[in-house]
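# Chain and residue survey
One letter stands for each residue in the lines below.
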Amino acid sequence: MLAFSLCAAFCHAQTAVSDTTALKKIRAKYDAPFERNLQSFSCAVEFNWKQHFTEAVRLGDEGTDEEIAKLIQPIGTRVIVTRQNAAVSSGMTDDEEKKLPHGGMAEGLLEHAVQFSLNSWLVASNNALLPPESTPVHVEASASGYKVEFKVQTFDVELMFAPDMSLQSEAEKGSASDRRETDFHPGPQGFLMTSYRLGEDGDFKPGNRIILTYTYQSVGGFQLPEQVSINRESHHEVWHYKLTGCTVQTTK
């Protein structure tokens, strides 16, 4: 019966009305906390510099081991995430940061990694990886599950889904380089993105990908990132951080 109902909803979407209905059902399967009543959340960023330098090439402009341990590791980096973006802060003034080793290069690199990974997560948490409900789409069965096709300006975009309607990939039709791959797992309020893979500078190929992974924690009834990793293949560089002590702000 489940297979029959899915087929009825997705396999035979022949008209604009049925395709639109199918898209609405797809979007409803994904956790979108900011479409409920989440306004923002704030967390401390837990990061181990000593461990990081066992997984990344050291460039030399981050500071010495002693400087990192005494001046960089104690910094209380925090992040505030709204529907629009992730804002990362050391809690220091600009002048204080400039007095850090190499002008605060290490802290700046960490803040950039946290911001990039959480802004990428926001794309999924806002359902922006999927076309808006009003978008004309074509939905059909595929070898891997389902395929959704639609236009963005003059580009033909193709989304591939698993049989459970979890998103697997997004690409410009016929383009191997302009591609993004995702993994979604079921959560209490719908699918949660656990992996996001994209090509650096828009060139998706092994050795040139940025691979983001996420685990989750429950805070105030919302599923929020907890452990996050960023693997930048071209630089043999891996970043791991943890969000702790998170609090949420909600709308009434």
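Shown above is the structure to which this text applies.
Here's a quick rundown of the structure. Everything numeric in this text was worked out from a predicted model, so none of it was measured.

Criteria and thresholds
- Residues numbered from 1 in each chain as written.
- Predicted model: local features only at pLDDT ≥ 70, side-chain atom pairs only at ≥ 80, totals over all residues.
- Heavy atoms only, no water.
- Salt bridge = Lys/Arg side-chain N within 4 Å of Asp/Glu carboxyl O.
- Helix = DSSP H or I, 4+ residues; strand = E, 2+ residues; numbered from the N terminus.
- Core = buried A, V, L, I, M, F, W, Y, C linked by side-chain atoms within 4.5 Å.
- Buried < 20%, exposed > 50% of the residue type's maximum accessible area, 1.4 Å probe, protein only.
- Contact = heavy atoms within 4.5 Å.
- Disulfide = S-S within 2.5 Å.
- Pairing = 2+ DSSP bridges.
- Axes fitted to C-alpha atoms, helices over the stretch in contact; angles between N-to-C directions.

### A look at the pattern of salt bridges
- Within this structure, the stated rule accounts for 16 salt bridges.
- Among the ionic pairs, Glu-35 bridges to Arg-27, the shortest N-O distance being 3.6 Å.
- Taken together, the shared-partner salt bridges in this structure form one network comprising Glu-140, Lys-147, Glu-149, Glu-158 and Lys-173.

### Here we look at unusual backbone geometry
- Despite not being glycine, His-102 has its phi angle at roughly 55 degrees, a positive value.
- Checked against the element boundaries, His-102 lands in the loop between α5 (94-98) and α6 (105-125).
- The phi angle at Gln-153 is positive, at roughly 55 degrees, despite the residue not being glycine.
- If you trace the backbone, Gln-153 turns up in the loop between β5 (146-152) and β6 (155-161).

### Thoughts on the nonpolar core
- The biggest cluster of nonpolar side chains holds 59 residues, and the ones touching the most others in it are Phe-41, Trp-49, Val-79, Val-81, Phe-161, Tyr-241 and Leu-243.
- Per element, the largest residue contribution to this core is 8 residues, and it comes from α6.
- Discounting chain neighbours no more than four positions away, the residues touching Val-79 are Phe-41, Ser-42, Cys-43, Val-45, Ala-86, Ala-87, Val-88, Val-114, Leu-118 and Leu-243.

### Comments concerning the state of the cysteines
- Tallying each qualifying case throughout the model produces 1 disulfide.
- Across the disulfide, Cys-43 is cross-linked to Cys-246 (sulfur-sulfur distance 2.1 Å). Measuring handedness by torsion sign, the sulfur bridge of Cys-43 and Cys-246 sits at about 115 degrees and is right-handed. Taken together, the residues Cys-43 in strand β1 (residues 38-46) and Cys-246 in strand β12 (residues 237-250) connect sequence positions 203 residues apart. Each of the two residues, Cys-43 as well as Cys-246, counts as buried.

### Let's talk about the pairing of strand β4 (residues 137-141)
- Where β4 and β5 come together, 5 bridges link them in antiparallel fashion. In the sheet register, Val-137 faces β5, and the bridge partner there is Phe-150.
- Hairpin geometry of β4 and β5 is characterised by an intervening segment of 4 residues between the two adjacent antiparallel strands and by a positive phi of about 155 degrees at Gly-145.

### Here's the deal with the sheet that holds strand β11 (residues 222-232)
- Strand order in the open sheet made by the 12 strands is β3-β2-β1-β12-β11-β10-β9-β8-β7-β6-β5-β4, with antiparallel pairing throughout. The open sheet is flanked by β3 (86-89) and β4, the only strands paired with a single partner. This sheet shows a mean twist of 20 degrees between the axes of neighbouring strands, independent of strand direction.
- With 4 bridges joining them, strand β2 (residues 78-82) and β3 adopt antiparallel strand pairing. By the bridge assignment, Arg-78 is partnered in β3 with Ser-89.

### Overview of the environment of Val-152
- Along the chain, Val-152 turns up in strand β5.
- With relative accessibility at 40%, the residue Val-152 sits in the partly exposed group.
- Distance from Val-152 to Thr-135, taken between C-alpha atoms, is 9.3 Å for residues 17 residues apart in sequence.

### Re the side chain of Ser-169
- With respect to the helices and strands, Ser-169 occurs in strand β7 (residues 167-172).
- The exposure class assigned to Ser-169 is buried, which follows from its relative accessible area of 5%.
- The contacts of Ser-169, once residues within four sequence positions are left out, are Glu-158, Leu-159, Met-160, Arg-179, Arg-180, Glu-181 and Thr-182.

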